[in-house]
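The lines below spell out each chain.
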Amino acid sequence: MSGTGRKEDEVRRMLEGPHPPVPVDLAERAVERGGRLLRRQRVLRLLGLLALIAAVAAFAVWAVTVQPWQAPPAETTPPLGGW
């Protein structure tokens, strides 16, 4: 018998046997935990969005203040010739 056939037979035997008892409040606990996870994800998404907005605002203020698109002023004057 191949390895996959043996595994399938073992799984079938496990499924045919007695099922384990399920706690009575399992569904309630799952709903509570799911709600907590959804709230946590919503808060994390909101914090990430706020951090992104703050970073964009800080970059905009920096760009307006420094104006990196302009060439820096020349530190020396060009030589004067041809008079």
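Described in the following lines is the structure provided in the data block.

Cut-off values and rules
- Residues numbered from 1 in each chain as written.
- Predicted model: local features only at pLDDT ≥ 70, side-chain atom pairs only at ≥ 80, totals over all residues.
- Heavy atoms only, no water.
- Salt bridge = Lys/Arg side-chain N within 4 Å of Asp/Glu carboxyl O.
- Helix = DSSP H or I, 4+ residues; strand = E, 2+ residues; numbered from the N terminus.
- Buried < 20%, exposed > 50% of the residue type's maximum accessible area, 1.4 Å probe, protein only.

1. Quick notes on the pattern of salt bridges
In total, this model carries two salt bridges according to the counting rule given. The residue R12 makes a salt bridge to E8 at a minimum N-O spacing of 3.9 Å. Of the two residues, R12 and E8 are both situated in helix α1 (residues 3-16); the distance of four residues between them amounts to about one turn of the helix. Given the relative accessible area of 48%, R12 is considered partly exposed. One salt bridge connects D25 with R29, and the closest N-O pair in it is separated by 3.7 Å. In this structure R29 comes out as partly exposed when scored by relative accessible area, which is 43%.

2. Overview of unusual backbone geometry
Unlike most non-glycine residues, Q67 shows phi in positive territory, near 50 degrees. Turning to its location among the elements, Q67 is positioned in the segment after α2 (26-66).

No statement about biological role is implied by the geometric values presented.
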